[in-house]
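Notes for the structure review
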Amino acid sequence: PKGLIGNKFEDYLTNSLHGEGLFKTRIPTTGIREFDGKLGNVWWEAKSGNFWTKCTSTEKGFGDFRGLMGERKKIADGHGATLEVFSNTPIPDVVKEWLTEKGIPFTEILF
């Protein structure tokens, strides 16, 4: 998976985990929210390329990430699912700390 970006990394996860790919769920307050994939009651977001550099380069970028991931976690929780993050690039420590604090598991697939 190293070097796969965007949909290619998402497809890799879906195929290797034998899950379902991109899906949408309707929520009353904001309409529709997309998730990158799921397997049973585990829903995931896939992060690749230079996402983490962009995400953590400004406080606004990191704030937007926290807001969207927090919303996704609440949605997953409301459906009896867990939300996980998969990344094929190293996740910065500040992001790992935040994810851990919020109870969002993460996996780095760096090979």
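Refer to the structure presented above.
Below is a short write-up of the structure. Quantities reported herein were computed from a predicted structural model and do not represent experimental measurements.

Let us now look at the overall build of the protein. A tally of regular secondary structure across the protein gives 4 helices and 6 strands. Scanning the protein from its N terminus toward the C terminus, one meets helices and strands in the order α-β-β-β-β-α-α-β-α-β. In terms of overall size, the protein behaves like a compact globule, its C-alpha atoms giving a radius of gyration of 13 Å where 111 residues would be expected to give roughly 13 Å. Across its three principal directions, the C-alpha atoms of the protein cover 35 × 35 × 20 Å. Relative to its 111 residues, the protein shows a buried fraction of 39%. For the protein, the proportion of contacts with a sequence separation of at least 24, taken over those separated by at least 6, is 52%. Carbon and sulfur atoms form 54% of the exposed surface of the protein, whose accessible area is close to 6,300 Å².

The next thing to look at is the packing of aromatic side chains. Enumeration over the complete set of coordinates arrives at 10 aromatic pairs. Among the aromatic residues, those joined into a ring-pair cluster are Phe 51, Trp 52, Phe 62, Phe 65 and Trp 98. Directly above the ring of Phe 23 sits Lys 38, whose terminal nitrogen or CZ lies 4.6 Å from the centroid. The ring of Phe 51 is capped by Lys 47, whose NZ or CZ atom sits 4.5 Å from the centre of that ring.

Our focus in this paragraph is the pattern of salt bridges. This structure, assessed with the given rule, holds 9 salt bridges. Note that Glu 59 is salt-bridged to Arg 66, the shortest N-O span being 2.7 Å. Counted as one network, the salt bridges with shared partners bring together Glu 45, Lys 47 and Arg 72.

The subject of this paragraph is the sheet that holds strand 5 (residues 82–87). Strand order in the open sheet made by the 4 strands is 3-4-5-6, with mixed pairing throughout. The sheet is open, and its two borders are formed by strand 3 (37–39) and strand 6 (106–108), each paired with just one other strand. The sheet shows a mean angle of 25 degrees between the axes of neighbouring strands, direction not considered. Set on the sheet, helix 1 (residues 7–17) makes contact with strand 3, strand 4 (42–47) and strand 5; between it and strand 4 the angle comes to about 145 degrees. Most of the contacts of helix 3 (residues 59–78) go to strand 5, to which it runs at about 135 degrees, and overall it touches strand 4 and strand 5.

A separate point is the packing of helix 3 against helix 4 (residues 93–102). Interhelical geometry of helix 3 versus helix 4 gives an angle of 25 degrees and a closest axis separation of 12 Å. As summarised for this structure, helix 3 and helix 4 are arranged roughly parallel, according to the angle between their axes. Seen from above, helix 3 lies across helix 4 with right-handed handedness. Residues Phe 62, Phe 65, Arg 66, Met 69, Gly 70 and Lys 73 of helix 3 lie in contact with helix 4, whose contacting residues are Val 94, Val 95, Trp 98, Leu 99 and Lys 102. Among the residues making up the contact of helix 3 with helix 4, the classes are represented as 7 nonpolar, 1 polar and 3 charged.

Reading guide: rules and limits
- Residues numbered from 1 in each chain as written.
- Predicted model: local features only at pLDDT ≥ 70, side-chain atom pairs only at ≥ 80, totals over all residues.
- Heavy atoms only, no water.
- Helix = DSSP H or I, 4+ residues; strand = E, 2+ residues; numbered from the N terminus.
- Rg over C-alpha atoms; globule rule 2.2 N^0.38 Å.
- Buried < 20%, exposed > 50% of the residue type's maximum accessible area, 1.4 Å probe, protein only.
- Contact = heavy atoms within 4.5 Å.
- Areas by Shrake-Rupley, 256 points an atom, 1.4 Å probe, with all protein chains shown as cover.
- Phe/Tyr/Trp six-rings, centres within 6.5 Å; stacked < 30°, edge-to-face > 60°.
- Lys NZ or Arg CZ within 6 Å of the ring centre and 35° of its normal.
- Salt bridge = Lys/Arg side-chain N within 4 Å of Asp/Glu carboxyl O.
- Pairing = 2+ DSSP bridges.
- Axes fitted to C-alpha atoms, helices over the stretch in contact; angles between N-to-C directions.
- Parallel < 35°, antiparallel > 145°, perpendicular 65-115°, else oblique.
- Left-handed = near helix turned anticlockwise from the far one by under 90°.
- Nonpolar A, V, L, I, M, F, W, Y, C, P; charged D, E, K, R; others polar.

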